[in-house]
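Listed here are the chains, written in short residue letters.
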Amino acid sequence: MIDQRASSAEQTPQTVAYRIEIDHAACTGCGLCVAFCPVDVFEQAPGALNADQHPCCAAERPGIPLVAAPELCWGCETCAGQCPAQAIRVINEGGCDPFAARSVALPLPAQKVELYREWSATLRRVLGLRWSPVAISLIPAGDPLPAVPVPSERLRYCQSLMAARRGRCIMLPANRHACPDGTSILGLTEMPAKLASGELYLLFHKLDSIEAAQRMVHERPHLEPRSIDATVVTPLEQAATEPQVIAVIAQPEQIMWLCMSASYYTGHRFDFHASGYNAQCVETTLIPYLSGELNISFGCYGCRASSDVGDELMFMGIPTDLMPTIIKGLRELDKKAIPQSRNKIYLPPLA
Ligand code: SF4
Ligand code: SF4
């Protein structure tokens, strides 16, 4: 049974508090934290910084960064990561769970649970996957919530995906998402101005010009702000709610067999949308979610910098509706094509 749910307006990033500590003795006044914070938590005080401690270059320092709006902080750690002096600590002070008072949705029917277990076992056995495929559910605003734990810490969406492949079940409302970019793309919040304008991508040196950054932002899909209440990721064999997309984190050879499984009965070739920007939120999740088509991703700066994903791995997002065809095709390929290829039957003998 479902209880009255908290309004989505309560699920704001601000419902988890962060304390920002700046070591003023170490700070050089470079201003990078001010520039990179996506939600303008800092202001830079006028005047030279620490002239007594840095007399040689005090004139070049614009001033000490002040934590002007701590209530806006997402805990994304961008400021700490960019600080060349390692002068910033971002400390989670805790906060309310916006779903704490709500009861949960009915569990999945046993047949569904069994089906997802069977899919997971087939994918892992035939492909030789090291990790579980991940069931992804974007919970529309107002829909029932599954019985999946909300972690106390904030995680980036891509971090939650990588943790799910290792066996964790994670539900993230807006106030547990650490990446303003992915969170707004996935429809949990508004998009912060510095991301919507493309400004931050220039600062990260990820694109050449503001025009290129704006084009990248314009061409990527996003969901309506606050149309989604939470993202839910679990190992596929532990799915607690119907996934819309299943993510496979695998080597290129394994992804190749998934492509071939999907086209086994039709011969269809694919037009993938991969860019290296916003890999897990856009390329692995949102494109399959919106288009109903497979998509691949090579990962992005964010997911590779913030997770343990190996350099040799890539990603595929599979709309759940395509899974029966893919599993059937994979079983057919497993009869001959996969073992023969892996046995390198065309490899000429060495002279
Ligand atoms: S943790 Fe993120 S949101 Fe918070 S002050 Fe640093 S950059 Fe800004
Ligand atoms: S990034 Fe670090 S060194 Fe630069 S102003 Fe901020 S706290 Fe100071």
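About the cut-offs
- Residues numbered from 1 in each chain as written.
- Chains lettered and ligands numbered in written order.
- Predicted model: local features only at pLDDT ≥ 70, side-chain atom pairs only at ≥ 80, totals over all residues.
- Heavy atoms only, no water.
- Core = buried A, V, L, I, M, F, W, Y, C linked by side-chain atoms within 4.5 Å.
- Buried < 20%, exposed > 50% of the residue type's maximum accessible area, 1.4 Å probe, protein only.
- Helix = DSSP H or I, 4+ residues; strand = E, 2+ residues; numbered from the N terminus.
- Contact = heavy atoms within 4.5 Å.
- Near = heavy atom within 4 Å.
- Nonpolar A, V, L, I, M, F, W, Y, C, P; charged D, E, K, R; others polar.
- Salt bridge = Lys/Arg side-chain N within 4 Å of Asp/Glu carboxyl O.
- Pairing = 2+ DSSP bridges.
- Axes fitted to C-alpha atoms, helices over the stretch in contact; angles between N-to-C directions.

1. Some remarks on the nonpolar core
Here comes step 1: With 32 residues, the main nonpolar core has Val 134, Ile 136, Leu 138, Tyr 157, Leu 186, Val 233 and Ile 249 as its most contacted residues.
Here comes step 2: Going through the elements one at a time, strand 5 (134-140), helix 4 (157-165), strand 6 (170-173), strand 7 (228-235), strand 8 (245-250) and helix 10 (279-291) are the ones with two or more residues in this core.
Here comes step 3: The residues touching Tyr 157, leaving out its near neighbours within four places in the chain, are Ile 136, His 177, Leu 186, Thr 231, Val 233, Gln 280, Cys 281 and Thr 285.
Here comes step 4: With 30 residues, the next largest nonpolar core counts Leu 127, Leu 129, Cys 259 and Ile 296 among its residues.

2. Here we look at unusual backbone geometry
Here comes step 1: Positive phi outside glycine occurs at His 205, with the angle close to 60 degrees.
Here comes step 2: With respect to the element layout, His 205 can be found in the loop between helix 7 (199-203) and helix 8 (210-219).

3. Structural notes on the site of ligand 1
Here comes step 1: For ligand 1, the set of nearby residues contains 14 residues, the closest of which are Cys 37, Cys 73, Cys 76, Glu 77 and Cys 79.
Here comes step 2: For the shell around ligand 1, the class distribution of residues is eleven nonpolar, two polar and one charged.

4. A closer look at the site of ligand 2
Here comes step 1: Residues in close proximity to ligand 2 include Cys 27, Thr 28, Gly 29, Cys 30, Gly 31, Leu 32, Cys 33, Pro 65, Cys 83, Pro 84, Ala 85 and Ile 88, which together make up its full environment.
Here comes step 2: Looking at the shell around ligand 2 residue by residue, the class counts come to nine nonpolar, three polar and no charged.

5. Points about the pattern of salt bridges
Here comes step 1: Counted according to the given criterion, the structure contains 13 salt bridges.
Here comes step 2: Salt-bridge contacts for Arg 166 lead to Asp 308; the nearest nitrogen and oxygen are separated by 2.3 Å. With Arg 166 in the loop between helix 4 and strand 6 and Asp 308 in the loop between helix 11 (301-306) and strand 10 (314-319), the pair connects residues that are 142 residues apart, well separated along the chain.
Here comes step 3: Its relative accessible area of 49% is what places Arg 166 among the partly exposed residues.
Here comes step 4: For Glu 253, the salt bridge identified is with Arg 342, shortest N-O distance 2.9 Å. Taken together, the residues span a long stretch of sequence, with Glu 253 in helix 9 (residues 252-262) and Arg 342 in helix 13 (residues 337-342) at a distance of 89 residues.
Here comes step 5: Given the relative accessible area of 29%, Glu 253 is considered partly exposed.

6. Some remarks on the sheet that holds strand 6
Here comes step 1: The strand order 6-7-5-8-10-9 describes an open sheet built from six strands, whose pairing is antiparallel. Two strands in the sheet have a free side with no partner beyond their single neighbour: strand 6 and strand 9 (295-297). The sheet shows a mean angle of 20 degrees between the axes of neighbouring strands, direction not considered.
Here comes step 2: Bridging between strand 6 and strand 7 involves four bridges; their strand directions are antiparallel. Bridge assignment links Met 171 to a residue of strand 7, and that residue is Val 232.
Here comes step 3: Its contacts with the sheet place helix 10 against strand 5, strand 7, strand 8, strand 9 and strand 10, and it is angled at close to 175 degrees to strand 9.

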